[in-house]
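# Topology and contacts: notes
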Amino acid sequence: MDNYMSWIKIGFFLSVLFLLAAACSSSPKLENTEGKKVRLTMQVWGNPAEVKVYQRALDAFEKENPNIEVKLVPVPGDQYEQKLLTQLQGSRGPDVFYSYEPTIARLTGAKQVQPLGGFLKSDASDVKAEDFPEGLWGPAKRDGEIYGVTPDSNPMVMYYNKKVFKEAGVKTPQEYYDEGKWNWDAFEEVTSKLKAAGKQGYIAENWWAHWYSWVWSNGGRIFDEQGKYVLDHNEKGQEAFRFMYDMVHKGNAVYLGSLPKGQGADAMFMSNQVGMLAAGRWLEPLFSQNKSLDFDYIYWPSNTGKNEPVAIPVAYVAVNKNSPNVQEAMKLAAFYVSVKGQEARLVEGGNAMGTLAAADESIMKKATIEHSNYLTEGRNKGHAHGSALAYDAQVPGLNSDITEAMDLMLLGKQDADATIEKLNQIISKAVK
């Protein structure tokens, strides 16, 4: 009996040890058990100047986490998505990586990215999910889970060339705005006067951030708040397509896709050929280097009496689900998009807005553009591609099909109503 009880006690003791060992092994570990450095790779796109900006955040991360070493892997933009998809389908991709909006939707569906919601709630994370504006999540949030976080944002604004307006004797968009009259009628009036003065009024471009910003500025919808397609019966949305068509058809705007190869919107703006163009903050560094260029931002013209949401091009930082160091990779991703990470990248000047209100003051203190506040407002009100209101990014191939239909309209090969009907067919079939 005594021997039997002894074995029971020994068995119980071994069971406790086993449970303790199992618990320890399942806890997040941010140090290599052998005392060696954990080595991570982070894959990004961008030119050499942008890569230097990314590296500043990695240097700050390594300083705080001396047990982790990060190698930055830049890949040319035109090769980026295909290379990333190929890597992740294979046995070894980057531990952490940048992702486009449609790409993160595709990777989430294929279960190739690590869920981040639990980690962002933990003490190991330098940022929390609730710190971000809701409109930035887009396709990175699905069924309540988070699969990517935004390191920065580029809410759409309109740039206007003050010199062009002054020489043409045209009241500036800001003056209309201050009068409470910066709407589509004012936009048409301004571009008509610039055209009469021998200038181009506005550069129209064909991509999602332009279509949605025009539609939303009229209180219209292509998709509703649940991601349901509604353009087929949404009059305000249809009016926006007719307005886009009319502006190009009447000559108030010139379609970038119709210009000779190599003639870019930024070059036309800097050479005082055009009064306005739309973009995020990415053009600010280039324009600011041109000392003879006098420009400012204005919010998107609105027909509703208030500033409506604008499109927000973003990237996502995601973690490879199959990373051998997934805990460390999540820590890197969280730091990179945190206030500390954003300040490390953007305080010295950047081509984007931060995503966290807590970082705004430090990031924007060197802003030299008079009305940079429109960027902040746009970020807080707007929506990323793949959000419910811009749902097409969630459906593989749909954005390309919409772009093709819009190209025909902007080239004048079909009118707005024919384009709307084409979109009804394309989108209804894709999202049925």
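Keep in mind the model is a prediction, meaning the values are calculated, not measured.

Parameters and conventions
- Residues numbered from 1 in each chain as written.
- Predicted model: local features only at pLDDT ≥ 70, side-chain atom pairs only at ≥ 80, totals over all residues.
- Heavy atoms only, no water.
- Helix = DSSP H or I, 4+ residues; strand = E, 2+ residues; numbered from the N terminus.
- Buried < 20%, exposed > 50% of the residue type's maximum accessible area, 1.4 Å probe, protein only.
- Areas by Shrake-Rupley, 256 points an atom, 1.4 Å probe, with all protein chains shown as cover.
- Lys, Arg positive; Asp, Glu negative; His and termini not counted.
- Charge placed at Lys NZ, Arg CZ, Asp CG, Glu CD.
- Contact = heavy atoms within 4.5 Å.
- pLDDT = per-residue confidence, 0-100.
- Salt bridge = Lys/Arg side-chain N within 4 Å of Asp/Glu carboxyl O.
- Axes fitted to C-alpha atoms, helices over the stretch in contact; angles between N-to-C directions.
- Parallel < 35°, antiparallel > 145°, perpendicular 65-115°, else oblique.
- Left-handed = near helix turned anticlockwise from the far one by under 90°.
- Pairing = 2+ DSSP bridges.
- Right-handed = clockwise from strand over helix to strand, strands pointing away.
- Core = buried A, V, L, I, M, F, W, Y, C linked by side-chain atoms within 4.5 Å.
- Phe/Tyr/Trp six-rings, centres within 6.5 Å; stacked < 30°, edge-to-face > 60°.
- Lys NZ or Arg CZ within 6 Å of the ring centre and 35° of its normal.

### As for the overall build of the protein
- Looking only at helices and strands, one finds 18 helices and 11 strands in the protein.
- Overall size of the protein, expressed as C-alpha extent along the three principal axes, is 105 × 50 × 40 Å.
- Every one of the 432 residues in the protein was classed for burial, and the buried ones make up 53%.
- A total accessible area of about 19800 Å² is found for the protein, and carbon and sulfur atoms account for 51% of it.
- Both charge centroids of the protein, one from 46 positive and one from 53 negative side chains, sit 4 Å from each other.

### Quick word on helix H14 (residues 339-346)
- Along H14, the residues that are buried comprise Gly341, Gln342, Ala344, Arg345 and Leu346.
- In this structure, the buried residues of H14 make contact with helix H2 (48-64), helix H13 (326-337) and helix H15 (360-364).

### Remarks on the confidence of the model for the protein
- Looking at the protein, pLDDT values average 90 and 91% of them are 70 or higher.
- For the stretch residues 1-33, pLDDT sits under 50, and the model shows 13 contacts to residues farther than four places along the chain or on other chains.

### A closer look at the side chain of aspartate 224
- Looking at the element boundaries, aspartate 224 is found in the loop between helix H9 (208-217) and helix H10 (235-249).
- One buried charged residue, aspartate 224, remains without a salt bridge, the closest side chain of opposite sign being lysine 228 at 5.8 Å.
- In contact with aspartate 224, other than residues within four places in its own chain, are Val230, Ala388 and Leu389.

### Observations regarding the packing of H2 against H14
- H14 packs onto H2 with a crossing angle of 135 degrees between their chain directions and a minimal axis gap of 7 Å. On the basis of their axis angle, the class for H2 and H14 is oblique. As for how H2 packs across H14, the hand of that crossing is right-handed. Residues Val53, Tyr54, Arg56, Ala57, Ala60 and Glu64 of H2 pack against Lys340, Gly341, Ala344, Arg345 and Leu346 of H14.

### With respect to the environment of histidine 210
- Here histidine 210 lies in helix H9.
- With relative accessibility at 2%, the residue histidine 210 sits in the buried group.
- Along the sequence, histidine 210 and methionine 270 sit 60 residues apart, while their C-alpha atoms lie 21 Å from each other.
- Discounting residues that sit within four places of it in the chain, histidine 210 has contacts with Met156, Tyr202, Glu205, Ala278 and Trp300.

### So, the packing of H10 against helix H18 (residues 416-431)
- H18 packs onto H10 with a crossing angle of 135 degrees between their chain directions and a minimal axis gap of 9 Å. One way to sum up the angle between H10 and H18 is to call them oblique. Note that H10 runs across H18; the crossing there is right-handed. Only Ala416, Asp417, Ile420 and Leu423 of H18 make contact with H10, whose side of the interface consists of Gln238, Phe241, Arg242 and Tyr245.

### Considerations on the sheet that holds strand E9 (residues 274-279)
- Spatially, 5 strands are ordered E8-E7-E9-E6-E10 in an open sheet, and the strand pairing comes out mixed. Either end of the sheet is taken by a strand with one partner, and the two such strands are strand E8 (253-255) and strand E10 (295-298). Ignoring strand direction, the axes of neighbouring strands in this sheet form an average angle of 30 degrees.
- As judged from the 4 bridges shared by strand E6 (residues 157-161) and E10, these two strands associate in the antiparallel manner. Bridge pairing links asparagine 161 to phenylalanine 295 in E10.

### Some remarks on the sheet that holds strand E3 (residues 96-99)
- Here 4 strands make up an open sheet; going across it, the order is E2-E1-E3-E11 and the pairing mixed. The strands lining the two open edges of the sheet, one partner per strand, are strand E2 (68-74) and strand E11 (316-319). Ignoring strand direction, the axes of neighbouring strands in this sheet form an average angle of 25 degrees.
- Strand direction decides the pairing type here: strand E1 (residues 38-44) and E3, joined by 2 bridges, are parallel.

### Some words on the pairing of E2
- Of the strand pairs in this sheet, E1 and E2 are connected by 7 bridges, and their pairing is parallel. When the bridges of E2 are listed, valine 38 appears paired with isoleucine 68.
- The handedness of the E1 to E2 crossover, carried by H2, is right-handed.

### Some points on the pattern of salt bridges
- Inspection of the entire model under this criterion finds 14 salt bridges.
- A salt bridge links aspartate 126 to lysine 340, with the shortest nitrogen-to-oxygen separation between them at 3.1 Å. Linking aspartate 126 in the loop between helix H5 (117-121) and strand E4 (141-142) with lysine 340 in helix H14, this pair joins segments that are 214 residues apart in sequence.
- Taking the relative accessible area as the measure of exposure, aspartate 126 reaches 28% and is therefore partly exposed.

### Some details on the nonpolar core
- If you look at the biggest cluster of nonpolar residues, it comprises 81 residues, and the most contacted ones within it are Met158, Tyr159 and Tyr202.
- Within the second largest apolar cluster, 55 residues are counted, among which are Ala57, Phe97, Trp137 and Ala334.

### A word on the packing of aromatic side chains
- For the structure on display, the rule yields 34 aromatic pairs.
- When the centroid spacing of 6.3 Å and the interplanar angle of 70 degrees are considered together, the rings of tyrosine 299 and tyrosine 374 count as edge-to-face. Of this pair, tyrosine 299 sits in the loop between E10 and E11 while tyrosine 374 sits in helix H16 (residues 373-381), and the two are 75 residues apart along the sequence. As far as the burial class goes, tyrosine 299 and tyrosine 374 line up, both buried.
- Above the face of the tyrosine 176 ring, lysine 171 is positioned so that its terminal group lies 4.4 Å from the ring centre.
- A cation over an aromatic ring shows up here: arginine 345 above the ring of tyrosine 336, its NZ or CZ 4.5 Å from the ring centre.

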